[in-house]
Amino acid sequence: MKDVVALVTGASRGVGRGIALALLAEGATVHVTGRTRSEAEASSGGNSAGSLEGLALEAAPLPGRLVIHQCDHANDAETERVAEEIRAGNRLDILVNNAWPGYENMVENDDFTWPRAFWEQPLWRWDAMMGTALRAAFIMSRAVAPVMISAQRGLIVNISFWAAQFYDGNAIYGMAKAAADKMAADFAHDLRPHRVAAVALYPGLVRTEAVMQNAEYFDLSNSESPQFIGRVISGLWRDAALMSKSGKVLVAAELGQEYDIADINGYRPVPLTAADFAKS
């Protein structure tokens with residue numbers, strides 16, 4: 001991957017950070033965006049551990065090159081600024097639309113509002129999932145697609161989840177993930193003549209900082225490291241049949257089996273299926 005240039009949005013923590021580290025481990029040049037510059041900022045803002053500076057320290061021994069862009073994707077101008085810097089380099093092979101503020105503030109004034117019925121959901125949650133996460137994915141994809149089209153090769157990945165297809169505790173969440181899937185499918189339609197692929201990619205249960213802080217509530221026996229999905233994206237990029245997968249919803253663990261990719265601890269996650277969610 002030493003000749004590959006990628007952009008991962010929302011990479012100061014969680015899945016995005018893991019994707020960036022996995023691509024860096026394979027030698028890629030990885031541009032990342034994130035709001036949180038330092039761990040002190042993360043703590044003062046009440047966020048989970050994770051910052052751009054922390055990512056830089058973890059990435060230092062890896063063979064790839066990390067390029068950091070501090071960016072709040074709630075601000076269109078900041079998203080466009082990063083896109084302009086990418087375009088100035090005239091190269092982008094992989095875009096991972098991962099920035100996702102939708103999990104923030106699940107508890108408000110000691111009230112766990114996440115599982116409330118749609119008519120009781122706070123409107124800020126709609127704005128976070130639709131107005132920030134989805135909008136940023138569209139704006140960034142729109143801005144960098146011409147670079148991929150010019151090269152006649154590229155991959156856009158929307159990080160999504162099974163909530164797009166089955167109720168998963170929150171109506172807004174489900175609508176947002178369904179929109180991410182549809183966005184990938186329609187991007188793929190428009191990009192196909194230019195040999196650029198777009199997919200929606202579902203992780204399993206990922207051992208993010210937030211999950212591990214609440215590990216007693218999860219069955220981690222079939223969980224994935226944040227790096228696993230990055231390894232899968234790397235495999236997807238190398239797939240000679242990539243264009244046949246364009247427009248589809250893909251499950252990271254299924255691709256891991258197809259590409260014979262293990263997680264960082266050697267474990268091979270078992271894919272969740274639609275039947276798993278239909279039962280619940």
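Right above here is the structure, for reference.
To start, this report covers the structure provided alongside it.

Definitions and limits used
Residues numbered from 1 in each chain as written. Predicted model: local features only at pLDDT ≥ 70, side-chain atom pairs only at ≥ 80, totals over all residues. Heavy atoms only, no water. Buried < 20%, exposed > 50% of the residue type's maximum accessible area, 1.4 Å probe, protein only. Helix = DSSP H or I, 4+ residues; strand = E, 2+ residues; numbered from the N terminus. Pairing = 2+ DSSP bridges. Salt bridge = Lys/Arg side-chain N within 4 Å of Asp/Glu carboxyl O. Expected span 1.5 Å × (residues − 1). Arc of directions from axis to C-beta. Contact = heavy atoms within 4.5 Å. Patch = residues over 30% accessible without salt bridge, like charges linked within 9 Å, V, L, I, M, F, W, Y side chains within 5 Å. Areas by Shrake-Rupley, 256 points an atom, 1.4 Å probe, with all protein chains shown as cover. Axes fitted to C-alpha atoms, helices over the stretch in contact; angles between N-to-C directions. Parallel < 35°, antiparallel > 145°, perpendicular 65-115°, else oblique. Left-handed = near helix turned anticlockwise from the far one by under 90°. Phe/Tyr/Trp six-rings, centres within 6.5 Å; stacked < 30°, edge-to-face > 60°. Lys NZ or Arg CZ within 6 Å of the ring centre and 35° of its normal. Core = buried A, V, L, I, M, F, W, Y, C linked by side-chain atoms within 4.5 Å.

**With respect to the pairing of strand S7 (residues 154-159)**
Burial of S7 is extensive: six of the six residues sit out of reach of the surface. Because side chains alternate across S7, one face comprises the buried residues Gly154, Ile156 and Asn158, and the other comprises Leu155, Val157 and Ile159, equally buried. Here strand S4 (residues 94-97) runs beside S7; their pairing, made up of four bridges, is parallel. Looking at S7, one finds that valine 96 is bridged to valine 157.

**Some thoughts on the pattern of salt bridges**
Within the structure shown, the criterion is met by twelve salt bridges. For glutamate 26, the salt bridge identified is with arginine 238, shortest N-O distance 2.7 Å. With glutamate 26 in the loop between helix H1 (14-25) and strand S2 (29-34) and arginine 238 in helix H8 (residues 226-238), this residue pair connects regions lying 212 residues apart in the sequence. Here aspartate 93 makes a salt bridge to arginine 91, at a shortest N to O gap of 3.1 Å. A relative accessible area of 7% means that aspartate 93 is categorised as buried. By relative accessible area, arginine 91 is classed as partly exposed at 39%. One salt-bridge network, held together by shared partners, links Asp239, Lys245 and Glu258.

**Some words on helix H4 (residues 76-88)**
For H4, with 13 residues, the first-to-last C-alpha span of 18 Å sits near the 18 Å given by 1.5 Å per residue. Of the residues making up H4, those classed as buried are Thr79, Val82, Ala83 and Ile86. Along H4, the residues classed as buried sweep out an arc of 100° about the axis, all on the same side. Away from its buried face by more than 90 degrees, H4 exposes Ala77, Glu84 and Ala88. Where the residues of H4 are buried, they touch strand S1 (5-8), S2, strand S3 (65-70) and helix H5 (123-151). Looking one or two places after H4, you find asparagine 90, whose phi comes out positive at around 60°.

**Overview of a nonpolar patch on the surface**
On the surface, Leu123, Trp126 and Met175 cluster together into a nonpolar patch covering about 340 Å² of accessible area. The residue methionine 175 is located in helix H6 (residues 171-191) in this model. Note on methionine 175: relative accessible area 40%, which makes it partly exposed.

**With respect to the packing of H4 against H5**
The contact between H4 and H5 brings their axes to 9 Å, and the two run at 20°. Of the possible angle classes, the one that applies to H4 and H5 is roughly parallel. With respect to the hand of their crossing, H4 and H5 are arranged in right-handed fashion. Mapping the contact onto sequence places Asp76, Thr79, Glu80, Val82, Ala83, Ile86 and Arg87 in H4 and Arg135, Ala136, Ile139, Met140, Arg142, Ala143, Val144 and Val147 in H5.

**Some thoughts on the packing of aromatic side chains**
Under the criterion given, the structure shown has nine aromatic pairs. Measuring from centroid to centroid gives 6.0 Å for tryptophan 100 and tyrosine 103, while their planes differ by 65°, and the two rings are edge-to-face. For tyrosine 103, a relative accessible area of 42% translates into the label partly exposed. Judged by centre distance (5.2 Å) and plane angle (70°), the rings of tryptophan 162 and tyrosine 202 are edge-to-face. With tryptophan 162 in the loop between S7 and H6 and tyrosine 202 in strand S8 (residues 196-202), this pair connects stretches of sequence that are 40 residues apart. Residue tryptophan 162 is classed as buried on the basis of its relative accessible area, which comes to 7%. Members of the aromatic cluster, connected to one another through ring pairs, are Trp100, Tyr103, Trp114 and Tyr173. For the cation-ring pair, arginine 153 lies above tryptophan 237, with the distance from its terminal atom to the ring centre recorded as 3.9 Å. Here the basic side chain of lysine 177 rests over the ring of tryptophan 100, its NZ or CZ set 3.8 Å away from the ring centre.

**Here we look at the nonpolar core**
The biggest cluster of nonpolar side chains holds 39 residues, and the ones touching the most others in it are Ile19, Ile94 and Leu155. Ignoring sequence-local partners within four residues, the contact set of isoleucine 19 consists of Val8, Val96, Ile159, Pro226, Ile229, Gly230 and Ile233. Core analysis: the next-biggest nonpolar cluster, separate from the first, contains 36 residues, Val5, Leu95, Ala180 and Ala198 among them.

**Description of the sheet that holds S3**
Ordered in space as S3-S2-S1-S4-S7-S8-S9, the seven strands form an open sheet in which the pairing is parallel. Since the sheet does not close on itself, it has two edges, and those belong to S3 and strand S9 (249-251), each with one partner. Across this sheet, the average inter-strand angle for adjacent strands is 20°, counted without regard to direction. When S1 meets S4, the two strands line up parallel, connected through three bridges.

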